[in-house]
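So you can see what is in the structure, the chains are spelled out below.
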Amino acid sequence: GWDIQFRPYLWTADISGTAGVAGVEAPVDVEFSDLLDALDFTWSSTLEVHKAGGKWTFLLDTFYMKLGPDTPSLIDDIKVEQAIIDPMIAYRLREWNNGRSWLEVLGGVRWMYLNTEIEAIRGPRLENSESWWDLHVGLRMRHYFNERLYGVAGLDYGGFGINSDYVFQGVAGLGYHLRPNLTLDVLYRYFDIDYSDDGFLWDTETSGIFLGVGFYF
C-alpha cells in the first residue's frame with residue numbers, strides 16, 4: 001500500500017554570486033566544467049513516500065558538495081562546503097487523468113550548512129561556518145502525456161527574513177519510465193539564496209540541468 005521512490009541525481013549546475021567571511025567578500029563564479037575540477041566530493045538524492053490512494057506524501061531532498069580551490073581575480077583561494085537537508089510534506093490538492101496527473105501544495109523546513117574559507121593574496125586566511133533553518137512553501141505538479149512520458153514542474157519560496165532574507169527554487173522538465181519501477185528525469189533546476197549574518201555572506205544563484213534516476217519500490 002506504499003509507493004516509495006529513491007532517486008540519486010547529478011546537478012550539473014553553475015554557481016554565481018558573492019561569498020563573504022568577516023566582512024571580506026569574494027566573487028563566486030564557477031561553471032559546471034570548472035566545478036568538476038574544483039569538486040572534492042558530492043552526493044545528492046531525493047526520497048518520496050506516498051500511501052497508495054492517499055493525499056499525503058513525505059519527501060526528503062539531500063545535497064552535499066565540497067569545492068575548492070577556486071581562483072577569482074582578487075582572491076588567492078576560496079573553498080566552499082555546502083550541505084542541504086530538506087524534509088517536506090506535500091498534500092494532493094487535485095488529481096485528473098484517472099489519477100495519473102496531480103497538483104500538490106507542499107511545505108518544509110530546509111536545513112543548510114555552509115563553510116567558507118577565503119585566503120587573500122595579502123592578509124590572513126579567513127574561515128567561518130554557518131548552519132540555519134529556513135521555512136518554505138510551494139507547489140508541484142506532474143502530468144503524464146502517455147504511459148511512459150511525463151512532465152514535472154515545481155517552485156517554492158522561503159526564508160521570509162527569519163534567517164535567510166529569501167530562498168527561491170524552481171524546477172521543470174521531463175521524465176520517462178524505462179521500466180515500471182525505473183525512471184529517468186531530465187530537469188532544469190534553479191536555486192537562489194541570500195543569507196547574511198554578522199559578516200558571513202552567501203548570496204548566490206545555482207542553476208543547471210538535473211539528471212536523476214528513480215527507483216520505485
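Residues numbered from 1 in each chain as written. Predicted model: local features only at pLDDT ≥ 70, side-chain atom pairs only at ≥ 80, totals over all residues. Heavy atoms only, no water.

1. Comments concerning the confidence of the model for the protein
The predicted coordinates ought not to be read in detail in places where the model reports low pLDDT.
Here comes step 1: Looking at the protein as a whole, its pLDDT mean stands at 90, while 93% of the residues score no less than 70.
Here comes step 2: Counting contacts from residues 71-75, a segment whose pLDDT is below 50, to residues more than four positions away or on other chains yields nine contacts. (pLDDT = per-residue confidence, 0-100. Contact = heavy atoms within 4.5 Å.)

2. Regarding the pattern of salt bridges
Here comes step 1: Overall, the coordinates contain nine salt bridges when judged by the stated rule.
Here comes step 2: Between Asp 61 and Arg 189 there is a salt bridge whose closest N-O contact spans 2.8 Å. A residue pair is termed long-range when its members are at least 10 positions apart, and Asp 61 in strand β4 (residues 56-70) and Arg 189 in strand β10 (residues 182-197) qualify at 128 residues.
Here comes step 3: The exposure class of Arg 189 is buried, given its relative accessible area of 8%.
Here comes step 4: One salt-bridge network, held together by shared partners, links Glu 48, Arg 92, Glu 95, Glu 104 and Arg 140. (Salt bridge = Lys/Arg side-chain N within 4 Å of Asp/Glu carboxyl O. Helix = DSSP H or I, 4+ residues; strand = E, 2+ residues; numbered from the N terminus. Buried < 20%, exposed > 50% of the residue type's maximum accessible area, 1.4 Å probe, protein only.)

3. A word on unusual backbone geometry
Glycine aside, negative phi is the norm for most residues, and most peptide bonds take the trans geometry.
Here comes step 1: The phi angle at Asn 97 is positive, at roughly 60 degrees, despite the residue not being glycine.
Here comes step 2: Relative to the helices and strands, Asn 97 resides in the loop between β5 (75-96) and β6 (101-120).
Here comes step 3: Since its relative accessible area comes to 34%, Asn 97 is described here as partly exposed.
Here comes step 4: The phi dihedral of Asp 198 is positive, around 55 degrees, even though this residue is not glycine.
Here comes step 5: Assignment of secondary structure puts Asp 198 in the loop between β10 and β11 (200-216).

4. Observations regarding the pairing of β11
Here comes step 1: Sheet topology note: the strand β1 (residues 2-21)/β11 ladder contains 14 bridges and is antiparallel. Of the residues in β11, the one forming a bridge with Ile 15 is Thr 206.
Here comes step 2: In this antiparallel pair of consecutive strands, β10 and β11, the connection spans two residues, and Asp 198 shows a positive phi of 55 degrees. (Pairing = 2+ DSSP bridges.)

5. Some details on the side chain of Gln 169
Here comes step 1: With respect to the helices, strands and loops of the structure, Gln 169 is situated in strand β9 (residues 166-179).
Here comes step 2: Side-chain polar atoms of Gln 169 contact the side chain of Asp 156, separated by 2.9 Å.
Here comes step 3: Among the polar contacts listed, one links the side chain of Gln 169 to the side chain of Arg 189, at a separation of 2.7 Å.
Here comes step 4: Setting aside chain neighbours within four positions, we find Gln 169 in contact with Arg 110, Gly 154, Leu 155, Asp 156, Arg 189, Tyr 190 and Phe 191. (Polar contact = N/O pair within 3.5 Å; in protein donor to acceptor, adjacent residues only side chain to side chain.)

6. Some remarks on the packing of aromatic side chains
Here comes step 1: Under the defined criterion, the tally for this structure stands at 10 aromatic pairs.
Here comes step 2: Ring centres of Trp 132 and Tyr 195 lie 3.6 Å apart, and the angle between their planes is 0 degrees; on these two criteria the pair is classed as stacked. Here Trp 132, found in strand β7 (residues 125-144), pairs with Tyr 195, found in strand β10; they are 63 residues apart in sequence, far enough to count as distant.
Here comes step 3: You can call Trp 132 buried: its relative accessible area is 3%.
Here comes step 4: A relative accessible area of 4% places Tyr 195 in the buried class. (Phe/Tyr/Trp six-rings, centres within 6.5 Å; stacked < 30°, edge-to-face > 60°.)

7. Observations regarding the nonpolar core
Here comes step 1: The biggest cluster of nonpolar side chains holds 34 residues, and the ones touching the most others in it are Val 28, Leu 35, Ile 78, Phe 191, Ile 193 and Trp 202.
Here comes step 2: Counting residues per element, this core draws most heavily on β1, at six residues.
Here comes step 3: Excluding anything up to four places from it in sequence, Leu 35 contacts Ala 13, Ile 15, Val 30, Met 65 and Leu 67. (Core = buried A, V, L, I, M, F, W, Y, C linked by side-chain atoms within 4.5 Å.)

8. As for the environment of Phe 191
Here comes step 1: By secondary structure assignment, the location of Phe 191 is in strand β10.
Here comes step 2: We classify Phe 191 as buried; its relative accessible area is 4%.
Here comes step 3: Remark: the alpha-carbon pair of Phe 191 and Gln 169, spanning 22 residues in sequence, is separated by 4.5 Å.
Here comes step 4: For Phe 191, the contacting residues outside a window of four places in its chain are Trp 11, Ile 84, Arg 110, Met 112, Val 167, Phe 168, Gln 169, Thr 204, Glu 205 and Thr 206.

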